[in-house]
Amino acid sequence: MKITLTGDKLASDFSMDPCHGAGIVFHGVVRASEAGLPITGIDYSCYHSMANHSLRKMADQARRLFGNHDGSITHRIGFVAVGESAITIRVRSERSGRAFDACQWYLRRIKEDVPIWKSPVFL
């Protein structure tokens, strides 16, 4: 793991505002194997209208659970090659703990509640 201490201004993947002191960016990357077998990637599919409904419902629930926060969730559909991000979750919140908690919560809810299916493409 590379660890750097610097006095330089840090670049950000997404903009921040004074209301949010913490920003979390999570990238879920396709691993090189599935169930112990090598793959070239994963083909993701979804039921679009149901997935959008589930995501809106999830966002409403998150506002009640985590209060003032915002961000974005992007999940790719179609073929995603090994080493590429299948999902990116960005959360901005007033405090770091709440941002981490919200990011983990979003990831769990997406995996459990949103109708997105994956089909590994084996070598």
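Scroll up a little and you will see the structure.
Quick caveat, the model's predicted, so the values are computed rather than measured.

Let's talk about the overall build of the protein
Part 1: From N to C terminus, the protein includes 2 helices and 7 strands.
Part 2: Secondary structure of the protein in N-to-C order comes out as β-β-β-α-β-β-β-α-β.
Part 3: The buried share of the protein, reckoned over its 123 residues, is 32%.
Part 4: Excluding contacts between residues fewer than 6 apart, the proportion of contacts in the protein whose partners are at least 24 apart in sequence is 73%.
Part 5: Put simply, the protein shows about 8400 Å² of open surface, and 54% of that area lies on carbon and sulfur atoms.

A few points about helix H2 (residues 96–113)
Part 1: Its 18 residues give H2 an end-to-end C-alpha distance of 25 Å, which sits within 8% of 26 Å, the value for a rise of 1.5 Å per residue.
Part 2: When we look at burial in H2, the residues that qualify are Ala-99, Ala-102, Cys-103, Trp-105, Tyr-106, Leu-107, Arg-109 and Ile-110.
Part 3: Buried residues along H2 sit against strand E1 (22–29), helix H1 (48–66), strand E4 (69–75) and strand E6 (85–93).

Examining the nonpolar core
Part 1: Ile-89, Val-91, Trp-105, Tyr-106 and Ile-110 are the most contacted members of the largest nonpolar core, which has 18 residues in total.
Part 2: Secondary structure elements with two or more residues in this core: E1, H1, E6 and H2.
Part 3: Looking at this core, the element that brings in the most residues is H2, giving 7 residues.
Part 4: The residues touching Tyr-106, leaving out its near neighbours within four places in the chain, are Met-58, Ala-62, His-69, Ile-73, Ile-89 and Val-91.
Part 5: Counting residues in hydrophobic clusters, the runner-up holds 6 residues, among them Val-30, Ile-42, Tyr-44 and Val-80.

Considering the pattern of salt bridges
Part 1: Counted according to the given criterion, the structure contains 6 salt bridges.
Part 2: Here Glu-34 ties to Lys-118 by a salt bridge, and the two come within 3.3 Å at their closest N and O atoms. Here Lys-118 lies in strand E7 (residues 116–122) and Glu-34 lies in strand E2 (residues 33–34), a separation of 84 residues in the sequence.
Part 3: Exposure remark for Glu-34: the relative accessible area of 18% places this residue in the buried category.
Part 4: When its relative accessible area of 42% is taken as the criterion, Lys-118 is described as partly exposed.
Part 5: Arg-92 is the salt-bridge partner of Asp-70, the closest N and O atoms lying 2.8 Å from each other. Taken as a pair, Asp-70 in strand E4 and Arg-92 in strand E6 lie far apart in primary sequence, 22 residues in all.

Some points on the pairing of E6
Every regular strand shows the same layout, with side chains that alternate between the two sheet faces.
Part 1: The buried fraction of E6 amounts to 8 of the 9 residues, a majority that puts the element mostly inside the structure.
Part 2: Pairing of E4 with E6 involves 7 bridges; the strand directions are antiparallel. Paired with Asp-70 across the bridge in E6 is Arg-92.

A look at the side chain of Glu-34
Part 1: Only 3.3 Å separates the side chain of Glu-34 from the side chain of Lys-118, close enough to count as a polar contact.
Part 2: Aside from chain neighbours lying at most four places away, what touches Glu-34 is Ile-39, Ile-42, Lys-118, Pro-120 and Phe-122.

Quick word on the packing of aromatic side chains
Part 1: Throughout the structure, instances matching the rule amount to 2 aromatic pairs.
Part 2: Ring geometry for Phe-66 and Trp-105: centres 5.7 Å apart, planes at 65°, overall edge-to-face. Taken as a pair, Phe-66 in helix H1 and Trp-105 in helix H2 lie far apart in primary sequence, 39 residues in all.
Part 3: Residue classification places Trp-105 among the buried positions, given a relative accessible area of 8%.
Part 4: When the ring of Trp-105 is compared with that of Tyr-106, the centres are 5.5 Å apart and the planes differ by 75°; the resulting orientation is edge-to-face. Across the pair, Tyr-106 and Trp-105 agree in class, each one buried.
Part 5: Feature note: the residues Phe-66, Trp-105 and Tyr-106 constitute an aromatic cluster, connected by ring pairs.

What counts and what doesn't
- All chains use their own residue numbering, which begins from 1 and follows the written sequence.
- Two thresholds apply to this predicted model, a pLDDT of at least 70 for residue-level local features and 80 or more for giving and counting side-chain atom pairs, whereas whole-chain, interface and lining totals are computed over all residues.
- Heavy atoms throughout the structure, all of them, feed into the side-chain values; hydrogens and water do not.
- Numbering of helices and strands starts at the N terminus; helices are DSSP runs of H or I of at least 4 residues and strands are runs of E of at least 2.
- Relative accessibility under 20% of the residue-type maximum defines a buried residue, over 50% an exposed one, and the middle range a partly exposed one, all with a 1.4 Å probe and only protein chains included.
- Contact definition: two residues touch when any of their heavy atoms are within 4.5 Å.
- Only the protein chains shown count as cover for residues, and the accessible areas themselves come from Shrake-Rupley with a 1.4 Å probe.
- An expected span of 1.5 Å times one less than the residue number is assigned to each helix.
- For our purposes a nonpolar core is just a set of buried Ala, Val, Leu, Ile, Met, Phe, Trp, Tyr and Cys residues, chained together by side-chain atoms within 4.5 Å.
- One side-chain nitrogen of Lys or Arg within 4 Å of one carboxyl oxygen of Asp or Glu is enough to make a salt bridge.
- At least two bridges found by DSSP between two strands is the condition for calling them paired.
- Two N or O atoms count as a polar contact when they lie within 3.5 Å, although within protein this holds only if one can serve as hydrogen donor and the other as acceptor, and sequence-adjacent residues are included solely when both atoms are side-chain atoms.
- In this scheme Phe, Tyr and Trp rings, the latter by its six-membered ring, pair at centre separations within 6.5 Å, and the angle between planes marks the pair as stacked below 30 degrees, edge-to-face above 60, and tilted otherwise.

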